[in-house]
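Listed below are the residues making up each chain.
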Amino acid sequence: MTYSGKRRRYRKKYFRLRKNRIWISVLMYFIVIAFAVVFLAVFVSAFMIFAIKGKIASEHDTDQLLAKQYVREIKTETRNPYNVIDEAGRDYFIRDKNGTVIYLKGRNTCGEKGYDFSTISMGVVGIESGFDEYKVYPDSENDSIRIADNDFAVNYKRVLKDTQTLLDSASPKEYIELPVWLAVPVLDGEQTIFFKACMRITAEEAVFAYIMLVALAALMLLMFLVMLIDAVSNAVTQNRITKLFFTDIVTKGHNRMWYLYRGEQIIRRRHWLKSGLAVVNISFVDYRRFCVCHSIAEGEQILQQIYACINSRMGRKELCAHTSDGSYALMLRYSDEALLRRRIDELLQGLQSIDTGHRFTFHAGVDIISLPDESAVKLFFKGSDIDLEIEYNNACTAQASIESSDDSGAVYFDEKFAQDQKWIDTVQERQQSALENNEFVVYYQPKYDPRTNTLRGAEALIRWQSPDLGFVTPYRFIPQFEKNGFITEIDHYMISKVAKDQRRWLDMGYKCVPISVNVSRAHFIESDLAEQIRDMVDAAGTPHELIEIELTESAFFDDKKAMVTTINKLKEYGFSVSMDDFGSGYSSLNSLKDMPLDVLKLDAEFFRGEMAGTDRGEIVVSEAIKLAKSLNMRTVAEGVEVREQVEFLASQGCDMIQGYYFAKPMPAADYEQRMKK
Ligand code: C2E
Ligand code: CA
Ligand code: CA
């Protein structure tokens, strides 16, 4: 029900951290490996290029020499210029500047594309070779040196293959020849002589290069393996940690962390927007008791069975996790709320019969994650608008509200529920300051004799006049005070106030009548309650017979012996004791038998409920009055609003009537006026 924008926190940080760590290490591996590969490739290439360049350079020196002689012969015209080169005994050809071959000796196997050797570039590093126009061409019959678009690379495969042959022959004098063509421009570029040169790689060089290559390759492989092993083991550890983090130790199923993590994923994916999602908390109420009566091991076995049972009923993209003791978190998808309700009821029924020897109780709290229907809202909905932890907390709060119930059932968290919870919190927050600031006010509701219409008594009823909450009726806060224990302070406060008022009225000369004060059942646990009341009344200096103590019927269920003792003590001190709300419970008669009470207050239900006005209702009321009389008790009828009822009660001998017919509860000042009359 919440659309909280506040994003959170330790849990999310944990997941982000976890994810980041995996990605960071994977990224690191790739970066390191890429670096290693690039570094090795550059290193080897550089080495090869330098080695080859050195060799080509020496060839080039010879060729330059021949070219110079050729030019000289042309200029002096002493000899046939070609003879100078022919004597060197190598294949060559001469091209004019149009590209036409003007002379050829041997075979022309010069490759197409030349590589400029005046600058040897390796990536960003350019190394000057020291020659102006210095081009190297591959040999078309032998691609030992491959020259591709501005890219120079040694055909390692070939080198390695030949090296192997070389190594096999094991003679250090042998060498591999790698033919290339060198272009030397002459006569200011009018002609270019292409010499076939043979690079020679000796066995020592080949062995050195070979060993280096193999060593580097082995090193790279080793590095790669180490990293791979590290990555795999890291992933395995990570997986194990994740599993441990998400596994519930009791049921071996999923835990709360997993539920929140997966649940938020589901919410973020938005698929459910078409239908709906419900967050459910199911509690196995009897778990702790079961462990006490059996054993923790057996209790945990039941928890496992419950988990298995719920889990087997989960559909696609639905979740179930064991969150704590007897609690399970569920995420259900639904298309129709009525069906969802039925499904949850069936689930609870199924769980009840999980153990043949017992019939367990299960409570469910349900929080339906619903969105406003407008499509625009759905369109702009972000998964992060919903905080699953809050939704689950709502479901738990709903479930906790029926904690005390012995029957299995489900409570749905809705707007009203949320308001109630807020109100409970507000009351708890303000109760103490309200008491200190005198915000609690005593109202008095007179009790009249129906035959003579004279004032015979009154009941003190509390009101809360809060500066910011307004006028609050006791139905809105007394039940909470009873729950949170604050009621004992309220009871003290009321008794003191009433005693003081009575004293004041006595002093003013009024003819005071007994005023009854409600004392809650929670108070009856205190063994010195009677003394406390006596001391408070004495402190005000009020005669005890002017104070009556009202006990609600539910109070009589507690420790009967202690109760009888307290009642007897109160009577001994001179207070009257009345039984409030007689007839609203079940064992009223039983309590009457044991409790030495003075007054019986007939519950308002007799006069306002279904029985009111019926023959049977009248019979019950008249018999109750008779019963009270025979037990020497006075009777007060509560909640009487109409004259017929007053007449009927008068005819039956009812002693007093407290109801709107005579008077509503009123402030002390108004009550004073009533006393005057
Ligand atoms: P209660 O003790 O049964 O009080 C009687 C309630 O019935 C009062 O409600 C009173 O205003 C109402 N009532 C009396 N005559 C009529 C009638 O003719 N028609 C109708 N419709 N109602 C009538 P109130 O004052 O709102 O008190 C509600 C309950 O709150 C009380 O029920 C009592 O259980 C509790 N309460 C009120 N004041 C105190 C208090 O000082 N201490 C404790 N412990 N409980 C209190
Ligand atoms: Ca009462
Ligand atoms: Ca009552």
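These figures come from a predicted structure and were not determined experimentally. (Residues numbered from 1 in each chain as written. Chains lettered and ligands numbered in written order. Predicted model: local features only at pLDDT ≥ 70, side-chain atom pairs only at ≥ 80, totals over all residues. Heavy atoms only, no water.)

**So, the coordination of the calcium ion (ligand 2)**
Protein coordination at the calcium ion (ligand 2): the donors are Glu459 (OE), Asn518 (OD1), Glu550 (OE) and Asp580 (OD), at 2.2 Å from the metal. Counting gaps between the donor residues of the calcium ion (ligand 2) yields the pattern E-x58-N-x31-E-x29-D. Here the calcium ion (ligand 2) and the calcium ion (ligand 3) are spaced 3.9 Å apart, with aspartate 580 acting as a shared donor. A residue pair is termed long-range when its members are at least 10 positions apart, and asparagine 518 in strand 19 (residues 515-519) and glutamate 550 in strand 20 (residues 547-552) qualify at 32 residues. (Donors = N, O, S within 2.8 Å, 3.2 Å for Na, K, Ca; no water. Helix = DSSP H or I, 4+ residues; strand = E, 2+ residues; numbered from the N terminus.)

**Topic: the coordination of the calcium ion (ligand 3)**
Every protein donor of the calcium ion (ligand 3) is listed here as Asp580 (OD), Asp581 (OD), Glu638 (OE) and Glu638 (OE), and their distances to the metal cover 2.2 to 2.6 Å. Counting along the primary sequence, the residues that act as donors to the calcium ion (ligand 3) give the motif D-D-x56-E. Assessed through its relative accessible area of 23%, aspartate 581 is described here as partly exposed. (Buried < 20%, exposed > 50% of the residue type's maximum accessible area, 1.4 Å probe, protein only.)

**Focus on the packing of helix 5 (residues 256-269) against helix 10 (residues 388-400)**
It is at 10 Å that the axes of helix 5 and helix 10 come closest, and there the two elements cross at 115°. Judged by the sense of rotation from one axis to the other, the crossing of helix 5 with helix 10 is right-handed. Of the residues in helix 10, those in contact with Arg256, Tyr259, Leu260, Gly263, Glu264 and Ile267 of helix 5 are Leu388, Glu389 and Tyr392. Classifying every residue of the contact of helix 5 with helix 10 gives 5 nonpolar, 1 polar and 3 charged. (Axes fitted to C-alpha atoms, helices over the stretch in contact; angles between N-to-C directions. Left-handed = near helix turned anticlockwise from the far one by under 90°. Contact = heavy atoms within 4.5 Å. Nonpolar A, V, L, I, M, F, W, Y, C, P; charged D, E, K, R; others polar.)

**Topic: the side chain of threonine 251**
Along the chain, threonine 251 falls in the loop between helix 4 (203-246) and helix 5. Dropping the residues within four chain positions of it, threonine 251 is found in contact with Leu303, Gln304, Tyr307 and His322.

**Side note on the environment of histidine 254**
Among the structural elements, histidine 254 can be located in the loop between helix 4 and helix 5. Along the primary structure histidine 254 and threonine 323 are separated by 69 residues, whereas in three dimensions their C-alpha atoms are 8.4 Å apart.

**Points about the nonpolar core**
Ranked by size, the top nonpolar core spans 76 residues in total, and within it Phe440, Ile490, Leu649 and Tyr671 carry the most contacts. The leading source of residues in this core is helix 13 (residues 487-507), at 8 residues. Residues contacting leucine 649, with those up to four places away along its chain left out, are Phe607, Val621, Ile625, Ala637, Val640, Cys654 and Ile657. The next biggest cluster of nonpolar side chains, apart from the first, holds 32 residues, and it includes Leu348, Leu351, Phe362 and Ala364. (Core = buried A, V, L, I, M, F, W, Y, C linked by side-chain atoms within 4.5 Å.)

**Structural notes on unusual backbone geometry**
For asparagine 453, which is not glycine, the phi torsion reads 60° and is therefore positive. Structurally, the position occupied by asparagine 453 is in the loop between strand 16 (440-448) and strand 17 (455-466). Its relative accessible area of 48% is what places asparagine 453 among the partly exposed residues. With phi around 55°, aspartate 581 is a residue other than glycine that occupies positive phi space. Inspection of the secondary structure assignment puts aspartate 581 in strand 21 (residues 576-582).

**Looking at the site of ligand 1**
Near ligand 1 there are 23 residues, and of these Gln445, Ile462, Arg463, Glu641 and Tyr660 occur at the shortest range. Here a nitrogen atom of ligand 1 and a side-chain polar atom of glutamine 445 are 3.0 Å apart. In the environment of ligand 1, an oxygen atom lies 3.1 Å from a nitrogen or oxygen atom belonging to the side chain of glutamate 459. Relative to its unbound accessible surface of 790 Å², ligand 1 loses 88% to contact with the protein. Only strand 17, helix 12 (474-484), helix 13 and strand 21 provide two or more residues apiece to the shell around ligand 1. A per-element tally of the shell around ligand 1 places strand 17 first, with 4 residues. Grouping the constituent residues of the shell around ligand 1 by class yields 10 nonpolar, 5 polar and 8 charged. (Near = heavy atom within 4 Å. Polar contact = N/O pair within 3.5 Å; in protein donor to acceptor, adjacent residues only side chain to side chain. Areas by Shrake-Rupley, 256 points an atom, 1.4 Å probe, with all protein chains shown as cover.)

**Some details on the packing of helix 14 (residues 529-540) against helix 15 (residues 560-572)**
Interhelical geometry of helix 14 versus helix 15 gives an angle of 25° and a closest axis separation of 8 Å. The angle between helix 14 and helix 15 falls in the class roughly parallel. The handedness of the crossing between helix 14 and helix 15 is right-handed. On helix 15, the residues touching Leu529, Ala530, Glu531 and Ile533 of helix 14 are Thr566, Lys569 and Leu570. (Parallel < 35°, antiparallel > 145°, perpendicular 65-115°, else oblique.)

**So, the pattern of salt bridges**
In the structure shown here, the tally under the stated rule is 29 salt bridges. One salt bridge in this structure joins arginine 534 and aspartate 535, with 3.2 Å as the shortest N-O distance. Given a relative accessible area of 24%, arginine 534 falls into the partly exposed group. The residue lysine 601 makes a salt bridge to glutamate 638 at a minimum N-O spacing of 3.5 Å. Pair noted here: lysine 601 is in strand 22 (residues 599-602) and glutamate 638 is in strand 23 (residues 634-638), with a separation of 37 residues, a long-range link. Across the pair, glutamate 638 and lysine 601 agree in class, each one buried. Through salt bridges with shared partners, a single ionic network connects Lys447, Glu459, Glu548, Glu550, Lys601 and Glu638. (Salt bridge = Lys/Arg side-chain N within 4 Å of Asp/Glu carboxyl O.)

**Comments concerning the sheet that holds strand 11 (residues 276-284)**
Strand order in the open sheet formed by 5 strands is 12-13-11-14-15, with mixed pairing between adjacent strands. Since the sheet does not close on itself, it has two edges, and those belong to strand 12 (319-324) and strand 15 (409-413), each with one partner. Direction aside, neighbouring strands of the sheet carry axes that sit 25° apart on average. Direction of pairing for strand 11 relative to strand 13 (residues 327-334): antiparallel, over a ladder of 8 bridges. Opposite asparagine 281, over in strand 13, you have alanine 329 as the bridge partner. Contacting strand 11, strand 12, strand 13 and strand 14 (362-369), helix 5 crosses the sheet at an angle of about 145° to strand 12. Along the sheet face, helix 7 (residues 296-312) touches strand 11, strand 12, strand 13 and strand 14 and points at about 160° away from the line of strand 12. (Pairing = 2+ DSSP bridges.)

**Here we look at the pairing of strand 15**
Walk down a regular strand and you will see the side chains alternate between the two sheet faces. Most of strand 15 is tucked away: 4 of the 5 residues are buried. Inspection of the sheet shows strand 14 paired to strand 15 by 5 bridges, in the parallel sense. Counted as the bridge partner of histidine 363 is glycine 409 from strand 15.

**Some words on the confidence of the model for the protein**
In regions of low pLDDT, the predicted coordinates are not meant to be interpreted in detail. Of the residues in the protein, 85% reach a pLDDT of 70 or more, and the chain-wide mean stands at 84. Within the protein, strand 7 (residues 145-148) has the poorest average pLDDT of any element, 37, and strand 16 the best, 98. A low-confidence stretch, residues 120-131 (pLDDT under 50), is modelled with 28 contacts involving residues beyond four sequence positions or located in other chains. Note that pLDDT drops below 50 for residues 143-157; the model gives that stretch 34 contacts with residues more than four away or on any other chain. (pLDDT = per-residue confidence, 0-100.)

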